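The primary structure of each chain is shown beneath.
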Amino acid sequence: MLSVKGLKANVGDKEILKGLDLEIAPGEVHAIMGPNGAGKSTLSHVLSGREGYEVTAGSATFLGQDLLALAPEERAQIGLFLAFQYPVELPGVNNTYFLKAALNSLRKARGEPELDAVSFLRLIKEKLKILDLDDALLKRAVNAGFSGGEKKRNEIFQMALLEPRLAILDETDSGLDIDALRVVADGVNALRSPERSMIVVTHYQRLLDYIQPDYVHVLAKGRIIRSGGKELALELEEKGYGWIDSEGQAA
Amino acid sequence: MSDEAFTGFAGWLAEPSDPPVEGRPDWLEAQCSLARERLAGLDVPNSKTESWRYTSLKGLMEQDFARAGENMTALQSDDLEEVLIPGLDAYRILLVNGRYLPELSAHEDLPSGVRVAGLRDLIANEPDLLRTHLNAVAPPDSQPLFAALNTAGMDDGLVLFVARGVVLERPIELIHLSVGLDEPRVAQPRHLVVLEDGAQATLVERYVSLGDSIYCTNSVLELALGRDALLKHDRIQMESPNAFHITGLYLTQSANSHYQGVNIGLGASWSRTDLNCRFQGEHAECDLQGLYLAGDRQLMDYHLDVLHSLPNCSSRETFKGILYGRGRAVFDGRVFVAPQAQKTDAAMSNRNLLLSEQSEVDTKPQLEISADDVKCSHGTTVGQIEPEMLFYLRSRGIGASLARRMLCLGFADEVVQRLSSDALRDHVSEQVGQRLESAPMD
Ligand SMILES: Nc1ncnc2c1ncn2[C@@H]1O[C@H](COP(=O)(O)OP(=O)(O)OP(=O)(O)O)[C@@H](O)[C@H]1O
Ligand SMILES: [Mg+2]
């Protein structure tokens, strides 16, 4: 589904991704862990097409397409979704209007008819239930004045609505209280399917108790330096990242 | 310069072919001739005139406008359908090229205590009703050029009286419709709105056109609010893309009165709006909001003049602009707080979104404060669409141009929300969206 090979990316003169490889098959959940500043969000941004990064080497292929050649909206239209580490506030842009514009843009790109107001609202209600979100949030401006946890839940709510093929969750767990974490994890799990893959970026083992990953990768200094099963996360929780670093250097 | 220039306005005042306003009482005749005399002594503003520094009158002066008069068009009710706002339930007053058209107006069944009439009719039939307020809010001996022109050429307009304590629930919609004529015409509508003590009303004032001809509207409004009165006033300028539009709004507020004005500027190639507020009693509140869009070959020029001469009044001046193509705007806001006006609360802001490199705004908010115990602030911003916001929308599959439009509408929303009804909010959002859709985004 996603194949990243030798990816290098700069911000200005600074190289952040330094030759990164990642293979994700349909239905798999991959956790990416790693120290602050390692390049996890940079990877999410480069994959989703945010401006300000220069790819200097490597490739990213998604569902057979050259991902890096597509505009951000085109990437979303073929099924990529990024749950932002820091969701952006859009003052004055009504949340319902936004969700409808997003969903209908995806449908249009796929050659499907736009949803009318009634079917859209029915769909929204259904998805709201999954995430236990207050529908008052729908009447407000996108993320504007939302609490940290509400913003994160709103991201997963959008994911539930847009039904991507590959979702990248960038630290969706940080800032969530224990109950909200549970709700978000349940929401994510409800979306797991043999066709849908996920990249879950997190610092905490706790999330991975709820969302069980197929693989765990350690991203440090712009590279995946170690990959393993879900037991790797437990090991990291216990020992930190230091031991791999030194091991990596020794190898 | 001024001799030559003045011939440019001669046609504005020349007696129209139809008979002049009949039965004009002496006091009014005296006021109009005072304005005429004053005009003779007024220079045409140029770039050295402070309030016209950024706005040239050249294009206006080049036009040889003749005065608009009666019966210049045979308008059908179907023509009107085109400019009505779906879902807006209001009493309607229609002016066509400056003249009140009772046949296509609809203001029957007004509650008692509310009077709606054409100015021309009142001058002819009940001039005494006008005596207290006409030319009193904006006295002819201090009117600037365009207001003086309007007074000198006074013809027709809306007169609205709301008697003491009367609350008018349903809005009054004033539609000023310009219909293209063979030669460029200038209409000089003159409106008078008086709310007596405790009266409440909503006025929706719209400038629209059929076709895209060249014409000029030079309107003057006098608004007098009594004690505890409340006026909601939505103004939507959607003149033809080739039109010139001038507004001089003069407002006086008695104690505890509230004025909520929302100025939407979308049309005309050249437009100039002067909003003047004077307090005549304490604890009055004046809220002036504005949203303007200017694209290619468009100029939007706003001047605010709010004078706090008494204590305990508050004023808000919140104007937002979206500029694209080679659009230009001017915001010149002046709030003056006199030494005795303690406890004044005034906040002025002007924020602009520039969508192109060639667009331009000159913004000059001025707070002149001579009192020491006041709460006053002002701020301006001139910026572009935030790349972060744009990326967020695009990452959800929304194409770049729709995403930009959504963000512009989001920016405008704060002002749009202040309009008095959903019907108006939808109308304005739709009009803004349409203009942005055809706007070049670079
Ligand atoms: N626009 C930028 N300008 C300069 N440096 C940047 C920019 N964006 C990212 N960086 C740098 O790139 C590095 C990687 O940042 P990134 O946000 O990808 O880290 P991360 O792994 O997501 O960290 P965290 O766990 O703290 O979220 C950091 O050193 C960061 O300072
Ligand atoms: Mg990060």
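Our structure is the block above this text.
First, a word on scope: everything that follows refers to the structure included in this document. (Residues numbered from 1 in each chain as written. Chains lettered and ligands numbered in written order. Predicted model: local features only at pLDDT ≥ 70, side-chain atom pairs only at ≥ 80, totals over all residues. Heavy atoms only, no water.)

Looking at unusual backbone geometry
Residues and elements named next belong to chain B.
Then comes step 1: With a phi angle near 65 degrees, Asn-135 is a residue other than glycine that sits in the positive phi range.
Then comes step 2: Mapping Asn-135 onto the fold places it in the loop between helix 5 (119-125) and helix 6 (145-152).
Then comes step 3: The class of Asn-135 is buried, set by a relative accessible area of 4%.
Then comes step 4: One non-glycine residue with positive phi stands out, namely His-283, at about 60 degrees.
Then comes step 5: Relative to the assigned elements, His-283 resides in the loop between strand 14 (270-279) and strand 15 (285-294). (Helix = DSSP H or I, 4+ residues; strand = E, 2+ residues; numbered from the N terminus. Buried < 20%, exposed > 50% of the residue type's maximum accessible area, 1.4 Å probe, protein only.)

What about the pattern of salt bridges?
Residues and elements named next belong to chain B.
Then comes step 1: Evaluation of the coordinates by the stated rule reveals 39 salt bridges over all chains.
Then comes step 2: A salt bridge links Glu-29 to Arg-24; its shortest N-O distance comes to 3.0 Å.
Then comes step 3: Given the relative accessible area of 36%, Glu-29 is considered partly exposed.
Then comes step 4: Arg-24 sits in the buried class, given a relative accessible area of 18%.
Then comes step 5: With a shortest N-O distance of 2.7 Å, Asp-373 and Lys-343 are connected by a salt bridge. Highlighted residues: Asp-373 in the loop between strand 20 (360-369) and strand 21 (375-383) and Lys-343 in the loop between strand 18 (328-337) and strand 19 (345-354), separated in sequence by 30 residues.
Then comes step 6: Its relative accessible area of 36% is what places Asp-373 among the partly exposed residues. (Salt bridge = Lys/Arg side-chain N within 4 Å of Asp/Glu carboxyl O.)

Concerning the coordination of the magnesium ion (ligand 2)
All names here are of chain A.
Then comes step 1: Protein-derived ligands of the magnesium ion (ligand 2) are Ser-41 (OG) and Gln-85 (OE1), with the metal-ligand distances lying across 2.0 to 2.2 Å. Within this pair, whereas Ser-41 is found in helix 1 (residues 40-48), its partner Gln-85 is found in the loop between strand 6 (80-83) and helix 3 (95-109), the two being separated by 44 residues in sequence.
Then comes step 2: Judged by relative accessible area, which is 19%, Ser-41 ranks as buried.
Then comes step 3: Judged by relative accessible area, which is 15%, Gln-85 ranks as buried. (Donors = N, O, S within 2.8 Å, 3.2 Å for Na, K, Ca; no water.)

What about the packing of aromatic side chains?
Residue and element names in this part refer to chain B.
Then comes step 1: For the coordinates displayed, the defined rule picks out 12 aromatic pairs over all chains.
Then comes step 2: Both rings, one in Trp-12 and one in Phe-65, keep their centres 6.3 Å apart while their planes meet at 80 degrees; by these two values the pair is edge-to-face. Of this pair, Trp-12 sits in helix 1 (residues 2-13) while Phe-65 sits in the loop between helix 3 (58-62) and strand 1 (66-67), and the two are 53 residues apart along the sequence.
Then comes step 3: Measuring from centroid to centroid gives 5.9 Å for Trp-12 and Phe-146, while their planes differ by 40 degrees, and the two rings are tilted. Here Trp-12, found in helix 1, pairs with Phe-146, found in helix 6; they are 134 residues apart in sequence, far enough to count as distant.
Then comes step 4: Here the aromatic residues Trp-12, Trp-52, Phe-65, Phe-146, Phe-244 and Trp-270 are joined through ring pairs into a cluster of three or more.
Then comes step 5: For the cation-ring pair, Arg-272 lies above Trp-52, with the distance from its terminal atom to the ring centre recorded as 3.8 Å.
Then comes step 6: Cation over ring: Arg-396 sits above Tyr-392, and NZ or CZ is 4.9 Å from the ring centre. (Phe/Tyr/Trp six-rings, centres within 6.5 Å; stacked < 30°, edge-to-face > 60°. Lys NZ or Arg CZ within 6 Å of the ring centre and 35° of its normal.)

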